[in-house]
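Residue-level listing of the chains:
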Amino acid sequence: MGDATVIDGSAVAAGLRKCAAEIAARLRDEKGVSAGLATVLVGDDKASEVYIRAKGRACAGSGLAAFDIRLPADISGAGLVAEVEKLNVDDRVDGVLVQLPLPRQIDPHRVIAAIDPAKDVDGFHPVNVGRLWSGLPTLVPCTPQGCLRLLRSVHQDLAGADAVVLGRSNIVGKPLTALLLAADCTVTVVHSKSKVVPVMCRRADILIAASGQPKMVKADWVKPGATVIDVGINPVADPDGRSRVVGDVDYASVRAVAGAITPVPGGVGPMTIACLLLNTLLAACRRRGIPDPYFGVL
Ligand code: NAP
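**Here's the deal with empty space enclosed by the protein**
Phase 1 of the analysis: All told, the structure shown has 1 cavity of 30 Å³ or more when counted by the stated rule.
Phase 2 of the analysis: In this structure, the largest cavity occupies an estimated 50 Å³ of space.
Phase 3 of the analysis: Taken together, V98, L100, I112, I115, D120, D122 and F124 make up the full set of residues lining the largest cavity.
Phase 4 of the analysis: Here the lining of the largest cavity is built from residues that sort into 5 nonpolar, no polar and 2 charged.

**Re the site of the ligand**
Phase 1 of the analysis: Taken together, 22 residues lie around the ligand, and R168, S169, H191, S192 and T272 are the ones closest in.
Phase 2 of the analysis: A distance of 2.5 Å separates an oxygen atom of the ligand from a polar side-chain atom of S169.
Phase 3 of the analysis: The separation between an oxygen atom of the ligand and a polar side-chain atom of T272 is 2.8 Å.
Phase 4 of the analysis: Here the ligand, which alone exposes 930 Å², has 70% of that area covered by the protein.
Phase 5 of the analysis: Here the shell around the ligand takes 3 residues from helix α10 (residues 268-287), the largest share from any one element.
Phase 6 of the analysis: In the shell around the ligand, the residues fall into 8 nonpolar, 12 polar and 2 charged.

**Describing the packing of helix α6 (residues 142-154) against α10**
Phase 1 of the analysis: Two elements in contact, α6 and α10, have axes separated by 8 Å at closest approach and are oriented at 110°. As judged from the angle between their axes, α6 and α10 are roughly perpendicular. The two elements α6 and α10 cross, and the hand of that crossing is right-handed. Residues C142, T143, Q145, G146, C147, R149 and L150 of α6 touch α10, and the partners they reach there are V268, M271, T272, C275, L276, L278 and N279.
Phase 2 of the analysis: Across the contact of α6 with α10, the residue classes break down as 8 nonpolar, 5 polar and 1 charged.

**A few points about the nonpolar core**
Within soluble globular proteins, side chains that are nonpolar tend to cluster in buried spots.
Phase 1 of the analysis: Formed by 57 residues in total, the largest nonpolar core has its most connected members in L27, L180, I208, I229 and L281.
Phase 2 of the analysis: Looking at this core, the elements with two or more residues in it are α1 (9-31), α2 (46-62), α6, β5 (162-166), α7 (173-182), β7 (206-209) and α10.
Phase 3 of the analysis: The greatest single-element share of this core, amounting to 13 residues, is contributed by α10.
Phase 4 of the analysis: Excluding anything up to four places from it in sequence, L27 contacts G32, V33, L281, A284, C285, I290 and Y294.

What counts and how
- Residues numbered from 1 in each chain as written.
- Predicted model: local features only at pLDDT ≥ 70, side-chain atom pairs only at ≥ 80, totals over all residues.
- Heavy atoms only, no water.
- 1 Å grid on protein atoms, 1.4 Å probe; cavity = no way out; pocket = protein on both sides within 12 Å on 5 of 7 lines; lining within 4 Å.
- Points joined across faces, edges and corners; volume = space filled by probe spheres on them.
- Nonpolar A, V, L, I, M, F, W, Y, C, P; charged D, E, K, R; others polar.
- Near = heavy atom within 4 Å.
- Polar contact = N/O pair within 3.5 Å; in protein donor to acceptor, adjacent residues only side chain to side chain.
- Areas by Shrake-Rupley, 256 points an atom, 1.4 Å probe, with all protein chains shown as cover.
- Helix = DSSP H or I, 4+ residues; strand = E, 2+ residues; numbered from the N terminus.
- Axes fitted to C-alpha atoms, helices over the stretch in contact; angles between N-to-C directions.
- Parallel < 35°, antiparallel > 145°, perpendicular 65-115°, else oblique.
- Left-handed = near helix turned anticlockwise from the far one by under 90°.
- Contact = heavy atoms within 4.5 Å.
- Core = buried A, V, L, I, M, F, W, Y, C linked by side-chain atoms within 4.5 Å.
- Buried < 20%, exposed > 50% of the residue type's maximum accessible area, 1.4 Å probe, protein only.

By themselves, these observations are geometric and do not establish any function.
Given below as structure tokens:
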């Protein structure tokens, strides 16, 4: 059995970050606009802190301004909404991202709905979700957007492909389904209540694994030659006690069957932050009526 093409998400993401830096520089030099991203972290969850730091570093690396808002874990929902509303009217801020998950006392839907849809760079606001499903211009959620960009790096045309999305979360599975439909795939969504999940997966020309279950997708779930995109990020401890990250796909065995596959780490993960930079720049342009051709370096 042959070895799959390994889709190098780190390399694709590096290219996107370079484009982001070019767009940010042109906005500054030609329009006097310094695009800015505000991240809001509630509490001191370690994993969330790592993500927020990475987002801040990525902004600095591409010449975007970063505003790092830290709030106490016991803040009320109303208090957090008030902070978001301040960012909505702050003209230095083009993108507002509230890091999830939030402490239990806060309803995340209420907070997401408080973000100005024009600054909703995560693409989770109900208005942007509706625009995505309606095929209207929107801010496309970063991880699904990254998956589609990786698919496009190996498939010029996705029309008619049988795509299976394993997972139906609001942040990954559902928006990916909308994007694959918009790309003219025939899409099947499977989840924890689905029957015969391996059989469904094996029908896929394109299989997206977003179940949050370490190494769930096995080699005999994959059609020979299929493209496999692994969204999973699961920390596991090695027998020697060291921690590492594995995906939702059993990479070593699936790689021998698939036509193309993303590794973990180095696949979808780096794409998410690169797409966040692009969404912030897109929001900066749209808010000021700067036309899309300006954005056409991509
Ligand atoms: P999630 O909210 O936990 O959703 C998991 C989905 O998988 C649910 O729809 C669930 O079904 C389904 N599922 C779980 N176990 C299943 C099973 N045994 N059989 C069939 N379906 C099953 O997770 P998420 O937020 O979408 O994230 C998915 C993965 O992507 C996680 O590993 C996460 O860490 C990773 N992730 C990565 C990035 C990145 O930047 N690369 C970003 C976000 C998430 P039900 O709906 O029926 O419960």
